[in-house]
Amino acid sequence: MKSKNHLLFLFLVFLSLSSAFLSKKTKHHKPCKTLVLYFHDIIYNGKNTANATSAIVTAPPGYNLTILAGNFHLGNIAVLDDPITLDNNLHSKPVGQAQGLHMYDTKNTFTAWLGFSFVLNTTEYKGSINFIGADPILVEERDISVVGGTGEFFMHRGIATIMTDTFESEVYFWLRVDIKFC
Amino acid sequence: MKSKNHLLFLFLVFLSLSSAFLSKKTKHHKPCKTLVLYFHDIIYNGKNTANATSAIVTAPPGYNLTILAGNFHLGNIAVLDDPITLDNNLHSKPVGQAQGLHMYDTKNTFTAWLGFSFVLNTTEYKGSINFIGADPILVEERDISVVGGTGEFFMHRGIATIMTDTFESEVYFWLRVDIKFC
Amino acid sequence: MKSKNHLLFLFLVFLSLSSAFLSKKTKHHKPCKTLVLYFHDIIYNGKNTANATSAIVTAPPGYNLTILAGNFHLGNIAVLDDPITLDNNLHSKPVGQAQGLHMYDTKNTFTAWLGFSFVLNTTEYKGSINFIGADPILVEERDISVVGGTGEFFMHRGIATIMTDTFESEVYFWLRVDIKFC
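Residues numbered from 1 in each chain as written. Chains lettered and ligands numbered in written order. Predicted model: local features only at pLDDT ≥ 70, side-chain atom pairs only at ≥ 80, totals over all residues. Heavy atoms only, no water.

A. Examining the packing of aromatic side chains more closely. All names here are of chain B. Under the counting rule described, the total for this entry stands at 24 aromatic pairs over all chains. Aromatic pair F116 and F118: ring centres 5.7 Å apart, planes at 55 degrees, arrangement tilted. An identical accessibility class is assigned to F116 and F118; each is buried. (Phe/Tyr/Trp six-rings, centres within 6.5 Å; stacked < 30°, edge-to-face > 60°. Buried < 20%, exposed > 50% of the residue type's maximum accessible area, 1.4 Å probe, protein only.)

B. A look at the pattern of salt bridges. Residue and element names in this part refer to chain A. Tallied over the full model, the rule gives six salt bridges over all chains. Measuring nitrogen to oxygen at the nearest pair gives 2.5 Å for the salt bridge that ties R142 to D135. Residue R142 shares its accessibility class with D135, and that shared class is buried. (Salt bridge = Lys/Arg side-chain N within 4 Å of Asp/Glu carboxyl O.)

C. Inspection of the pairing of strand β8 (residues 158–164) of chain B at higher detail. All names here are of chain B. Among the seven residues in β8, six count as buried, and that is most of the element. Of the strand pairs in this sheet, strand β7 (residues 142–149) and β8 are connected by five bridges, and their pairing is antiparallel. Bridged to D143 within β8 is T161. Pairing of β8 with strand β9 (residues 172–181) involves seven bridges; the strand directions are antiparallel. When the sheet's bridge partners are listed, M163 is paired in β9 with R176. (Helix = DSSP H or I, 4+ residues; strand = E, 2+ residues; numbered from the N terminus. Pairing = 2+ DSSP bridges.)

D. Geometry of the pairing of strand β6 (residues 126–135) of chain C. Residues and elements named next belong to chain C. Among the 10 residues that make up β6, nine are buried, leaving the element largely enclosed by the rest of the structure. Sheet topology places strand β5 (residues 112–121) next to β6; 10 bridges connect them, and they run antiparallel. Note that in β6 the partner of L120 across the bridge is G127. Joining the antiparallel neighbours β5 and β6 is a turn of four residues. Two strands pair when backbone bridges link them, and β6 and strand β7 (residues 142–149) are joined in this way by four bridges, in the antiparallel orientation.

E. A look at the environment of L65 of chain A. For L65 of chain A, the location among the structural elements is in the loop between β2 (54–58) and β3 (77–85). For L65 of chain A, a relative accessible area of 16% puts it in the buried group. When the C-alpha atoms of L65 of chain A and N45 of chain A are compared, they prove to be 7.8 Å apart, with 20 residues separating the residues in sequence. Non-local contacts of L65 of chain A, meaning those with residues more than four positions away in its chain, are made with Y44, I56, V57, T58 and A59 of chain A together with A59 and P61 of chain B. (Contact = heavy atoms within 4.5 Å.)

Dropping the structure here:
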């Protein structure tokens, strides 16, 4: 009986320790879920009303709202309602919309600050994911925070790794977003 | 003595498992607290300085800062300092202020993006609650994220369900906010 | 052997209870880590291009983008790329940049709303910390939320207590930020 007791003891100790260990690991190192999505941004330039998905709403002195400003776009804020797709093709069927803002805040390099949401509404994904963070645009892979979610993403948090493909024109770029969250 | 030992064992096993189970349930499905609050937004229109609680700060070409723009308000950002009340009456005693921004980002429907805080300072509530999220205005009930809090809302997270009553005039609307958070 | 068993029991009970207790305490009352940083904001005034670290991007009617507006700056949004230092000296070696926005939303007192990130890239700190919250500027110590992090601050949350020193000139102020997060 004693050895049985000992086995139970060991099992309980193991349970406590492993649970503490796993919860720590989960919190800090192991993403629970990943989701790879793309979104496509076409900036309004005064002529592309039909296609445009984002609009510049502030500009520094000397610039207007139909072209990104010189000086690393410093002073531009743009609002966006960009289609989200499952691959990098602008013409793929959208699974949702990326809505929010991006703004340019630096005078000596290209840096943006992002606050936006993925609003997903398909049979696969129903809910929204909310992001904020600094985006050092010229870095190939950069991380922002997933700060919350709704619907099936209720209480989710984590990070999203953003990658820009080449700007395909003066007004069109797309971003790949690797979301890792719980 | 052995049976006593067994009872203790069982109790410990139960404790470990139930604690693991409860913590999982709490995190994903059961809101810990709810709070129902209302806030009231009166947009500055150039004539209502005394009553206005929010101000348009960006406008698309062809519009100024004293009227929400056509085209689904696309291009308007407004900053707000709106009274929060416990019921839907604008004239009820405020329990705090809703501060931050709302912006309109879509060209073919009414959609806003919100970043704001509830700053509460009464004997009942002391602290702030921070929100971000997409707001598909025409949907009757829509969810945004509670991304953090301070004071008595330290470390709180969750969601808030927003409901708009009818716009009562061109410049006044109020929102009901059902906060569910831990 | 029985007394040994009892000791082990007591130890396990203590372990379970203390772990439950600590995890509750950690979540709600005990900051896991603290970090004290300073950031320095020099507003662009039309003449200080070389030194300026932030730029006003919206202004109410009657004001331009090179001076904070009267009326408690209501209607100003500024974007920032401010150096972060380990002490309150503007000329200390920066450990990163504070990027994002601050906006003024109130007509009868000085109140800002903040959304920004600390981007740290030194041997000591590598990662970003994301903040949002209401900032009642005239209060000596006020709290905003840490809503997420990246790099070594992955999954971090908490609060940051902000303190303003006196404005040192019309365009320069610095803030002390006491970050308490897990």
